[in-house]
Amino acid sequence: MVVNDSPGTPSLHWPVLLALLGAGLVFHVRLGGLEPALWTDTVFDQRAVAVCLAQDRCLDRGVPTSVPGLRHGTTWLHWRTLAERAGLDLAAVHVLLHLAGALTFVLTALAAARVAGPWAGVGAALVLAYVYSSHDFQPTVVYNNRILPLLGTLAWALCVAALATRHVAPLVLAAAVGALTTEVHIVFLLFAACLLASALLLPRPGRSLAAVLGTYAALVVALSPGTWASNAAGIWRGIGPSPYTGGQFIWSPLDTERVGLVGVAALAAGLVVTRGERRRRIAVLLAFTAPIMVVFEAAVFGGVTTQTDKYLGAWLGGIAASLACGVSVAADRVREVLGRTWVGARGCAGLRGPLGTALQACLAAGIAFWPGARLREWKVPGDLPGMTMEDARRVAEAARFHGWTLERTIPRLRSLLGHDLIQLMPVVAPRVEPEGAVSGDLTALTVLRVRPAWLPPAMPPGWEVLDRGRESVLLAVWAQSWVDWDRFEVCRVRTGADPVCRTSGFLVSRRLKVEENQVLLPGWPWPNPEAEEVEVRLRVRFPPSGGEQWVFVPVLLRGCAGRVVAVPGAGSSIAPDGRSAVIRADGAEDGGTLALRWRVGDRDCSAYAWPYGIPFFVEAPPEDARLLEDLLSHGGGP
């Protein structure tokens, strides 16, 4: 059976499409795994879903974008809420997003086949596999960008279908899908150019244009009036540049950006050398991909945003199809010029029947074994394994077992993803009460994901594996601490001026609020990297038995490493580089101040890595500190 298409344009057979669907699902599971990663956007979404279900206070004006003053994503939150109400947890949503990725392979191949034939369709699927495997779309994370490739490809495929049928109905449907996609992520506003080009190529272009753009504009606003009222107010006040700016143009030779630029160039050449219906369909595909590539390159070059190709997510199918169709058109043109039947995909006359279908299905099935489809762990500083959303529940349950409430756990919790972890714990375990008796000497908890081979041969007392996977294990280290984590001083230190300090500490709210953190840190600064440093002063209490405690600050890639600048105790010492210290209790004093200082923006502490909370460092007895230092030494430095 063959999918219906306009005369003269062979399309893909069902065996090929089924092979693409199955292989695409395997491909995405290999990339993203079965358990979603711990990620800031997912934490925000999960809190909004919990508030909506528990308090019937659903967010109706979207979430903030990377550009201050603009919002989007209300529809995405509604989908997440419906899934949660239907009993689908995050892991189930994660798998559904893998299925959406598999359907993107099918739609991309179908649409490309309508433009340039079945071999172009298979070629587009193969290019899409390459793009997916090199694209920064974070396949381990549950967030709105994951659904964009399917929605964007569906919208563009409907535009091609409108040209094939010469009817405006598919284009109106494309406008509806495009409006939905735009509400999920505002960058899809550029899809209006594709709608415009498609409408102008249909019979009665004036009526088609009015129907299509009217549908698009009306639905964009109707899907979330609060979002667009907020956006209008933001534009009126004036929007600023993204805080995640690059500031310079950097050419990246092996990513979605290059595939998109080459594909647009190939399509532009194909537009010149083709005629008739194929030329019209190429024009629609070009109108889909060219605007985003132009805007993206201009934004990167102008320093408006960083050169991250996650903003191209909705165009992945079109970008892959652009390259495949452009190459197919060029091959056909070469064949026509040379008069040779062996040049170009359509010149393979012997591969148009059952043999061709079998070969196409084999190529499609090969996507499941794509070499680049390896688990894309979301890595923490130092490229250590990242934590998952479920890890927050595991940590909360372990704390409950040890007799710790959330109020006790959160100030004493040390992790490389500390901010996201402590903000998620009140959402996933809001009413957890302790079971055991509080152990007085276990006063700090360090949580890391590490490779199984990194663990010590014999687990020391207080070391506990909370989850064991094939790639990594979740390690909890319960260790004695001399630091009073409940209250501390945080100071802004400017050159030539006295430090400006204030008392701070973690405040845990049990009441869920949509756009407010449940874990607050009053007075926590967001420093000016060029003018000041941040110093944290922690109260140290010596135990009556004396002894010594080690402190060290790991220097990790994409992390924020500070220096120890003050320690209590007459016999205590600080290493010359400030990265470690030994605190000795001499019995003559009851304690003092441990001070650490960070200069945000320098080589060892990127501004992007500055957390909402004390950056990660280790303070533990020598035996635990030595083993933790060994574990963290596996991470890469800057």
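What comes next concerns the included structure. All figures in this text were calculated on a predicted structure; none of them were measured in a lab.

Further remarks concern the environment of Ser-11. Examined against the element boundaries, Ser-11 turns out to sit in the segment before α1 (14–32). On the basis of relative accessibility, which here comes to 7%, the residue Ser-11 falls in the buried class. Sequence-wise, Ser-11 and Ala-113 are 102 residues apart; in three dimensions their C-alpha atoms are separated by 5.5 Å.

Judged by side-chain polarity, Leu-25, Leu-88, Leu-96, Leu-99 and Leu-103 come together as a nonpolar surface patch covering roughly 350 Å² of accessible area. Per element, the largest residue contribution to the nonpolar patch is 3 residues, and it comes from helix α4 (residues 90–116). Summarising the element assignment, Leu-96 is placed in helix α4.

Between two packed helices, the angle of one axis relative to the other and the distance separating the axes together describe the packing. Where helix α5 (residues 118–134) contacts helix α14 (residues 354–365), the axes come no closer than 10 Å and their chain directions differ by 10 degrees. Between α5 and α14, the angle is such that the two are roughly parallel. Seen from α5, the contacting residues are Pro-118, Trp-119, Val-122 and Leu-126; seen from α14, they are Gly-356, Leu-359, Gln-360 and Leu-363. Here the residues of the contact of α5 with α14 are counted per class, giving 6 nonpolar, 2 polar and no charged.

For the rest of this paragraph, the subject is the sheet that holds strand β12 (residues 547–552). Ordered by their spatial adjacency, 4 strands build an open sheet running β14-β15-β12-β17, and the pairing between neighbours is antiparallel. Strand pairing shows two members of the sheet lacking a second neighbour, β14 (573–574) and β17 (618–620), which therefore form its edges.

This structure, assessed with the given rule, holds 20 salt bridges. In this structure, Arg-394 and Asp-467 form a salt bridge, with 3.5 Å as the shortest nitrogen-oxygen distance. Linking Arg-394 in helix α15 (residues 389–401) with Asp-467 in strand β5 (residues 463–468), this pair joins segments that are 73 residues apart in sequence. Both residues of the pair, Arg-394 and Asp-467, count as buried. Linking Glu-471 and Arg-470 is a salt bridge whose minimum nitrogen-to-oxygen distance equals 3.7 Å. Several salt bridges converge on common partners, so that one network encompasses Glu-489, Glu-533, Glu-535, Arg-537, Arg-597 and Arg-599.

Time to look at α4. Taking 1.5 Å of rise per residue, 27 residues should cover 39 Å, and α4 covers 39 Å from first to last C-alpha, within 8% of that figure. Most of α4 is tucked away, with 20 of its 27 residues classed as buried. Directly after α4, the chain includes Gly-117, whose backbone phi takes a positive value near 100 degrees.

Below, the discussion takes up the packing of aromatic side chains. By convention here, two paired aromatic rings are described through the distance between centres and the angle between planes. With the rule as written, the count across this model stands at 15 aromatic pairs. Geometrically, the ring pair formed by Phe-27 and Tyr-132 is tilted, given 6.3 Å between the ring centres and 55 degrees between the ring planes. Here Phe-27, found in helix α1, pairs with Tyr-132, found in helix α5; they are 105 residues apart in sequence, far enough to count as distant. Given the relative accessible area of 1%, Tyr-132 is considered buried. Between Trp-404 and Trp-478, the ring centres sit 5.2 Å apart and the planes meet at 80 degrees, which makes this aromatic pair edge-to-face. Of the two residues, Trp-404 sits in the loop between α15 and α16 (406–412) while Trp-478 sits in strand β6 (residues 473–479), which places them 74 residues apart along the sequence. Residue classification places Trp-404 among the buried positions, given a relative accessible area of 2%. Connected via pairs of aromatic rings, a cluster forms that spans Trp-156, Phe-188, Phe-191, Phe-288 and Trp-315.

Conventions we followed
Residues numbered from 1 in each chain as written. Predicted model: local features only at pLDDT ≥ 70, side-chain atom pairs only at ≥ 80, totals over all residues. Heavy atoms only, no water. Helix = DSSP H or I, 4+ residues; strand = E, 2+ residues; numbered from the N terminus. Buried < 20%, exposed > 50% of the residue type's maximum accessible area, 1.4 Å probe, protein only. Patch = residues over 30% accessible without salt bridge, like charges linked within 9 Å, V, L, I, M, F, W, Y side chains within 5 Å. Areas by Shrake-Rupley, 256 points an atom, 1.4 Å probe, with all protein chains shown as cover. Salt bridge = Lys/Arg side-chain N within 4 Å of Asp/Glu carboxyl O. Axes fitted to C-alpha atoms, helices over the stretch in contact; angles between N-to-C directions. Parallel < 35°, antiparallel > 145°, perpendicular 65-115°, else oblique. Contact = heavy atoms within 4.5 Å. Nonpolar A, V, L, I, M, F, W, Y, C, P; charged D, E, K, R; others polar. Pairing = 2+ DSSP bridges. Expected span 1.5 Å × (residues − 1). Phe/Tyr/Trp six-rings, centres within 6.5 Å; stacked < 30°, edge-to-face > 60°.

On their own, these measurements won't tell you what the molecule is for.
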